Amino acid sequence: MPPVPRDRFINPYTFVPLPASGVRRASPPLHTEGPEEKRFTGSFTVEWVLQTPLLLPVKAREEGWLRADGTVRIPGSAIKGSVRSAHETLFNGCLRVFDSEFIPGYRLPARSGAESDDAPAVLAVVTRSRDGVPLEVSPCDGVEWVESTSLRKAYADRRINRLPRTGDIITISGVREPSELRQADEVFDVTGVSPVTRAAISHDDGATAEAALPDQGSVLLITDTSARRPTREDGTPADCFWAAGIIGSAQRAVVPEQAAKQFWSACEGSRDRQELRQGERRGDAADWKGATQYARVKWRNQPVGERARATGFLHAGDVVWVTLTADEATVESIRLARIWRETGTATAGERVPPSLLACWTTEPSDPRPGTRGPEGGLCLSCTIFGSADTSGAQSGEGRQDAYAGHVRFGSARSTTGVRPLDVQLAPLSSPRLGAGVFTLVDRGTSEELGDIASHWGSTVDQPEPRQLRGRKFYWHVDPDRQADRWSSELRRSTPVLPRYKARDHQSRKGLSRAAQLVPAGTTLTQEITFEGLDDVALQSLLIAIDPARLLTLYRPTARVATHLGGGKPFGLGAVAARITTFSMWHSSDRYGAHAAPLPDPGFDRSVYPRIVARAGRLENPRAVARLLDLDGAGDWRDHVAYPPGATWDQIDVPNQRGFVPFDESYHFFGQANGERLAGPPPHNRPWHPLPSLVEKDGSDTRPDLPIDPERRGGRR
Ligand SMILES: [Zn+2]
């Protein structure tokens, strides 16, 4: 056997390109096309066989997934969501579960002059907020910088039984010195603090809250220290300072909705918000939407303060950096640090063809081509599955004109009792949509100094924003098999864990949760009924359930499977479908009960041109066939990982500081961002877009990328 490459990986997800446009048809929502005698009503049984373990939801027992008799039951709505998403991909359906308002936020590089075009940021206290949205702030008169260790000691000396915290209002005694670097005073040795207060909440009706500030004092802003260097360039220990805003004037500045929104977007993808969301899924989250959450920060291993977590919500009394308009009456932008994140440009919705925006969110009066909504037409997926689907993340929205579609999904039950496997589940991270190197159509890198091609809003987005790469799909890979492969390859005394199992360092940080898996090999059966479907709709439905009907035409060897349940990023829930019993009638005969039932029509090639006429051409059948093939990753099936920060022989190996470099994906995204550099060639940082799935001749491409993106050429 050839040696297994240890310096390459394949990303767990990739994209099926979007069609140039979707097709909406203005048929009345309760009917597919054609006269009744050309429509069908019937039912069939589907047998689902798990190819990899199925992840049960947190409340599997309460929600009826695990039955008292030991069987497993998957609610019809969960399977409907999965079948529908296959249908949308295969037949150019609208992007139903899609946040068209999304804009990513980026950390601003701490480059000198980065702020020179902007008004300087000033500290401000939020004085009025509604439901966590800031409405008004009080800008401080100035700022000074307070050394963290002596400040903590001053708190202890005054017998204050907690750490300094963002929002504390204090009077600081100490030795001050002007700092040229910061253009402000530094209090490098705090000798004492006066009584510590916080902005008094003067009004709170449950929605709108107002804070009153004292006439004098300084308000603290404690920030994350993890990105700071503990030593100076000469090796001496570095100091850590907090900003303290000087309270004085009674001036107020209003926060326009736009500035609040940008701040919210900039916090999207923050580690804080991810952790709080994870806690929410585990059911143990604090009320992070209703009140400021604090996190302890350390400096040289000592706790020195408590920062407010970057949730995106701001409440009365919170402290932020703002930039102001020239008259200082209006806030232009809000940040959590003086040098912070900027947002990209062009929303997700502006990066897809308008005719693919969700049918039920677009208006019939929208003049842009292809955007017209319900009365203006529905895509084939909406026609069949309806719009009252609650399995999607943000579906329904309680619209009056929502309807249930033509298909009903019964629950799927295991034929025998099942013994679920207990595991400690690794954290599920969601892909960073802001990492344009993966998520946007590749247009290469820029020649403008400092431009980062990976950012939404890079000059590469001119003149038209780059489109989203497509619909996200996870490779089918068997996580247990991958772990076995590396255990034997690396000859470890402790076996390599499968990707879905939490590592020690993840459990220690509270990032894992207990979970149950239904073992691979389990069979579940389900009844599906349909009513009034024409042959075009029926054929497409059967293909969405069992895509092998169509896809083996393009990839004869494919073992086709789709996904059920959670844990897709780990390769969990791969499931193969087979339609067993089937009977249908012409809709006109259904209640006459005289006609014999019609059998499963199978894949009817003669209908296919009419499917294309209704839904548009299937533009990437070979790419979809490869992604749904259990063997689609080929020789790279055991190399699936989010971009590793170290080679495969380092998997699960902690460094001296207790971190596991293999698990640190940000190295890849930080290095492979295509930034245009000054100096001699090569002129750009590495640029490694996700490989496309198939060559022009239809054969498979290599799906792998280098783990160390700086290594040029990076061949095996
Ligand atoms: Zn639609």
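Preceding block: the structure.
The structure reproduced in this document is the subject of the present report. Keep in mind it's a predicted model, so treat the numbers as computed, not measured. (Residues numbered from 1 in each chain as written. Predicted model: local features only at pLDDT ≥ 70, side-chain atom pairs only at ≥ 80, totals over all residues. Heavy atoms only, no water.)

### Things to note about the overall build of the protein
From N to C terminus, the protein includes 13 helices and 32 strands. Counting over 716 residues, the protein shows a buried share of 51%. Sequence separation of at least 24 residues holds for 75% of the intrachain contacts in the protein that already meet a minimum separation of 6. As displayed, the protein offers around 33,200 Å² of accessible surface, 49% of which is attributable to carbon and sulfur atoms. (Helix = DSSP H or I, 4+ residues; strand = E, 2+ residues; numbered from the N terminus. Buried < 20%, exposed > 50% of the residue type's maximum accessible area, 1.4 Å probe, protein only. Contact = heavy atoms within 4.5 Å. Areas by Shrake-Rupley, 256 points an atom, 1.4 Å probe, with all protein chains shown as cover.)

### A look at the coordination of the zinc ion
Protein ligation of the zinc ion involves Cys94 (SG), Cys359 (SG), Cys379 (SG) and Cys382 (SG), the donor distances falling in the range 2.3 to 2.4 Å. Each of the four donor atoms around the zinc ion contributes to a set of angles spanning 103 to 112°, which defines the coordination as tetrahedral. We note that the donor set of the zinc ion lies within a single chain, spaced as C-x264-C-x19-C-x2-C. You can see Cys94 sitting in the loop between helix H1 (76–90) and strand S6 (105–107) and its partner Cys359 sitting in the loop between strand S23 (341–343) and helix H5 (380–385), a full 265 residues away along the chain. Using a relative accessible area of 0% as the deciding quantity, one classes Cys359 as buried. (Donors = N, O, S within 2.8 Å, 3.2 Å for Na, K, Ca; no water. Tetrahedral: all angles 85-135°; square planar, octahedral: opposite > 155°, others 65-115°.)

### Digging into the packing of H1 against helix H9 (residues 535–545)
How two helices pack is summed up by the angle between their axes together with the distance between the axes. Remark: H1 packs on H9, axes separated minimally by 8 Å, with the N-to-C direction vectors making an angle of 115°. In this structure, H1 meets H9 at a crossing whose hand is right-handed. In this structure, H1 uses Val83, Ala86, His87 and Leu90 to contact H9, whose residues at the interface are Ser540, Leu541, Ile543, Ala544 and Ile545. Taken together, the residues that form the contact of H1 with H9 break down as seven nonpolar, two polar and no charged. (Axes fitted to C-alpha atoms, helices over the stretch in contact; angles between N-to-C directions. Left-handed = near helix turned anticlockwise from the far one by under 90°. Nonpolar A, V, L, I, M, F, W, Y, C, P; charged D, E, K, R; others polar.)

### Details of the sheet that holds strand S17 (residues 241–246)
Taken in spatial order, the seven strands of this open sheet run S11-S12-S9-S17-S16-S10-S13, and their pairing is mixed. Looking at strand neighbours, the two that pair on one side only are strand S11 (172–179) and strand S13 (197–198), the edges of this open sheet. In terms of strand pairing, strand S10 (residues 168–170) meets strand S16 (residues 218–221) through two bridges, oriented antiparallel. Looking at S16, one finds that Ile169 is bridged to Val219. The strands touched by helix H2 (residues 148–157) are strand S9 (142–147), S10, strand S12 (184–193), S16 and S17; relative to S12, the strand with the most contacts, the crossing angle is about 25°. (Pairing = 2+ DSSP bridges.)

### Some remarks on the sheet that holds strand S28 (residues 513–518)
What the three strands build is an open sheet, ordered S4-S28-S26; its pairing is antiparallel. Each edge of the open sheet carries a strand with a single partner, namely strand S4 (54–55) and strand S26 (421–425). Where S26 meets S28, five bridges bridge the pair, whose relative direction is antiparallel. Within S28, the position partnered with Leu425 by the bridge is Arg513.

### Some details on the side chain of Arg307
You can see Arg307 is positioned in strand S20 (residues 302–308). Since its relative accessible area comes to 13%, Arg307 is described here as buried. Within polar-contact distance, the side chain of Arg307 engages the side chain of Asp272 at 2.8 Å. Arg307 has contacts with Thr166, Ile222, Thr223, Asp224, Asp272, Gln293, Tyr294, Ala295 and Val297, leaving out every residue within four places of it along the chain. (Polar contact = N/O pair within 3.5 Å; in protein donor to acceptor, adjacent residues only side chain to side chain.)

### Quick notes on helix H4 (residues 271–282)
Here H4 contains twelve residues, and its C-alpha end-to-end distance of 16 Å stays within 8% of the 16 Å for a straight helix at 1.5 Å per residue. Here H4 has its buried residues at Asp272, Arg273, Leu276, Gln278 and Gly279. Those residues of H4 that are buried are in contact with helix H3 (257–267) and S20. Positive backbone phi, approximately 85°, marks Gly283, located one or two places after H4. (Expected span 1.5 Å × (residues − 1).)

### A look at unusual backbone geometry
Geometrically, the link from Gln462 to Pro463 is a cis peptide bond, its omega value of -5° lying close to zero. Take Pro463: it is sitting in the loop between helix H6 (436–439) and strand S27 (471–474). In this model, Asp652 sits at a positive phi of 65°, which is unusual for a non-glycine residue. Counting through the fold element by element, Asp652 comes out in the loop between helix H12 (621–628) and helix H13 (666–671). The class for Asp652 is partly exposed, based on a relative accessible area of 23%.

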